[in-house]
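Remarks on the overall topology
For reference, the chains in residue letters:
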Amino acid sequence: MQGKIVKGIAGFYYIHADGHGVYECKAKGAFRNQKVKPLVGDMVEFDIIDETTKKGNIVKILPRLNALIRPAVANVDQAMIVFAVAQPLPNLNMLDRFLIMMQMQQVETIICFNKTDVSNEAEVEKLGKIYAGSGCRILFTSVEMGEGLEEVRELLLEKTTVMAGPSGVGKSSMMNYLKPEADMATGDISRKIQRGRHTTRHSELFHLQGQTYVMDTPGFTSLYINEIDAPDLKNYFTEFDQYEGLCRFNGCVHINEPDCAVKNALEEGKISKNRYDNYVVLYDELKAQRKY
Ligand SMILES: Nc1nc2c(ncn2[C@@H]2O[C@H](COP(=O)(O)OP(=O)(O)OP(=O)(O)O)[C@@H](O)[C@H]2O)c(=O)[nH]1
Ligand SMILES: [Mg+2]
Ligand SMILES: [Zn+2]
């Protein structure tokens, strides 16, 4: 039998086989020697052990299109990174890290700013401006008010999309809108510290229609980017691209060098200061790591 892993909990994998329902499987035998962990989104071959209780064993993982490390899922066509415009306020440094990580994994990314109902137009516009040069499609939604959701649905069509973002931003709420049968638990955000409560604990894949699949994932709290050499970081900031080669120095990293085209563009307001400042923070961080 072949099927798709829709969920994995404590060594059990839930495999959806078209027309046969969901089987609870373990990864056993020969397969284990391969030392590859099955991931949500994997296509697998499995043996049925018991048809009445729907139990089986995974015997093979079929070749992957890709496998992400965070969140740990396989075979995705695109990522939709969800942040709230408020409640909780977006940590843009974390968003930038996430965008870099997705670029490293060569996954196209949509940025979805949710909860527009609890913010104001000026704030929303500001976020749009900061990310205008990021190379990502940017959406503004309110799951609560039903705003911007048709556009989300359209962008998901015929693709497998992983939804990711901090806790409490409304990923599972979005999932429930997209597929009410998903019936994902959603959680309040804590009033005191304005953070999500990590309601979702396991990634789960849902089928919407045709080849349209969406994964809901647990909220993340931190992200470390450490596989990049500091001088290469600039390649992950799409807004710098058009100035590449225009600086006085070859290999300019756009920080302390004189006659830097990127810094000039920044001065002229053509590059977002917020994005640039995060670039410098990340650059320093990467540089410090390499010293040891
Ligand atoms: N005001 C407002 N609240 C929303 C909106 N979308 C979701 N929420 C609320 O935000 C809270 C968190 O929503 P969840 O869907 O659980 O968030 P999540 O991103 O799945 O969080 P984790 O599973 O912890 O990662 C819930 O109380 C939702 O009702 C929105 O558009 N506006
Ligand atoms: Mg959730
Ligand atoms: Zn430069």
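No experiment lies behind these values; they were computed from the predicted model shown.

Calculation notes
- Each chain has its residues counted from 1, running along the sequence as written.
- All chains are assigned letters beginning with A, and all ligands numbers beginning with 1, in the order in which they are written.
- Since the coordinates come from a predicted model, pLDDT governs what is reported: local features require at least 70, and pairs of side-chain atoms require 80 or more to be given and counted, while whole-chain, interface and lining totals use all residues.
- The basis for every side-chain value is the complete set of non-hydrogen atoms in the structure, without hydrogens or water.
- Here a residue is near a molecule or strand as soon as one of its heavy atoms is found within 4 Å of it.
- Each polar contact in these results corresponds to two N or O atoms within 3.5 Å; when the atoms are within protein, one needs to be able to donate a hydrogen and the other to accept it, and residues that are neighboring in sequence are counted only if both atoms are side-chain atoms.
- Helix numbers and strand numbers start at the N terminus; a helix is a DSSP run of H or I with at least 4 residues, a strand a run of E with at least 2.
- Amino acids are sorted into nonpolar (Ala, Val, Leu, Ile, Met, Phe, Trp, Tyr, Cys and Pro), charged (Asp, Glu, Lys and Arg) and polar (every other residue, Gly among them).
- Between buried and exposed lies partly exposed: a residue is buried under 20% and exposed over 50% of the maximum accessible area for its type, with that area taken using a 1.4 Å probe on protein chains only.
- The rule for pairing is simple: two strands pair if DSSP sees at least two bridges between them.
- With the strands aimed away from the viewer, a crossover counts as right-handed if its path from the first strand over the helix to the second runs clockwise.

Moving on to the site of ligand 1. Looking at ligand 1, there are 22 residues lining it, with Asp117, Ser167, Lys171, Ser173 and Thr200 nearest. Within the contact set of ligand 1, an oxygen atom lies 2.6 Å away from a side-chain nitrogen or oxygen of serine 173. Within the backbone of glycine 187, an N or O atom sits 2.9 Å from an oxygen atom of ligand 1. With three residues, helix H4 (residues 171-178) is the largest single contributor of residues to the shell around ligand 1. Per-class residue counts for the shell around ligand 1 are four nonpolar, 13 polar and five charged.

Moving on: the pairing of strand S7 (residues 108-114). The buried count for S7 comes to six of seven residues, which makes it a mostly enclosed element. Here seven bridges tie strand S6 (residues 78-84) to S7, and the two strands are oriented parallel to one another. Of the residues in S7, the one forming a bridge with phenylalanine 83 is phenylalanine 113. Note on the crossover from S6 through helix H1 (residues 92-104) to S7: the handedness is right-handed.

Inspection of the secondary structure puts asparagine 120 in the loop between S7 and helix H2 (121-130). Along the sequence, asparagine 120 and alanine 86 sit 34 residues apart, while their C-alpha atoms lie 9.5 Å from each other. At 3.2 Å, the side chain of asparagine 120 forms a polar contact with the backbone nitrogen of alanine 122.

Everything listed is a geometric property; what it means functionally is a separate question.
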